[in-house]
Amino acid sequence: MTVLLLSLIVLGVLALLAGRLTNLRQRRPAANGEAETPSEEPKPRPEGCCGQHEVCEKESLLAAVSKEVEYYEDEELDDFRGRAAAAYTPAEAEKFREVLYTMRTDEVAGWVRSLTLRGINLPDELRDEVLLLVGERRGMSV
């Protein structure tokens, strides 16, 4: 039992030393006097993003970010203004789905933001699909 405990302590000390050595090597400049370059180049910012937001407002679903209503050839959805998200029939939800799948993926977040500003709730059955599309888009651009 003592041997096992002593072995664990020795392994812990070795792991601590190895971690500290790795940190020191990463902080130290290269031996030839040049600074080490990061392994990844910075990615360009999307057009219209100033880079000062943690989440670019172009991809945000929050209505508070932008107050401008933009239509995505979906004027017919204004008929659903004020309707509860759970109150849509399958045929009505299909109208939203048609608009959703005829737009580019980079427009989805703006479309949802526009719906919110117009007082239109997204049908519950589409919410997961929209979040998936926006999440995939953010994963590609990050």
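Coordinates for the structure precede this section.
Residues numbered from 1 in each chain as written. Predicted model: local features only at pLDDT ≥ 70, side-chain atom pairs only at ≥ 80, totals over all residues. Heavy atoms only, no water.

Peer 1: So, the nonpolar core: which residues are in play, and what are the values?
Peer 2: With 19 residues, the main nonpolar core has Leu77, Phe96, Val108, Trp111 and Val130 as its most contacted residues. Every element with two or more residues in this core is listed here: α2 (90-100), α3 (108-117) and α4 (124-141). (Core = buried A, V, L, I, M, F, W, Y, C linked by side-chain atoms within 4.5 Å. Buried < 20%, exposed > 50% of the residue type's maximum accessible area, 1.4 Å probe, protein only. Helix = DSSP H or I, 4+ residues; strand = E, 2+ residues; numbered from the N terminus.)

Peer 1: For α3, give the residues involved together with the corresponding values.
Peer 2: Within α3, eight of the 10 residues are buried, which leaves it mostly tucked inside the rest of the structure. Of the positions making up α3, those classed as buried are Val108, Ala109, Gly110, Trp111, Val112, Arg113, Ser114 and Leu115. Residue Gly119 follows α3 closely and has a positive phi angle near 80°.

Peer 1: Which residues make up the pattern of salt bridges, and what are the values?
Peer 2: Overall, the coordinates contain nine salt bridges when judged by the stated rule. Close ionic contact of Asp78 with Arg118 constitutes a salt bridge, the shortest N to O distance being 2.9 Å. Of this pair, Asp78 sits in the loop between α1 (2-27) and α2 while Arg118 sits in the loop between α3 and α4, and the two are 40 residues apart along the sequence. Of the two residues examined, Asp78 and Arg118, each falls in the buried class. Among the ionic pairs, Arg83 bridges to Glu92, the shortest N-O distance being 2.6 Å. Its relative accessible area of 17% is what places Glu92 among the buried residues. (Salt bridge = Lys/Arg side-chain N within 4 Å of Asp/Glu carboxyl O.)

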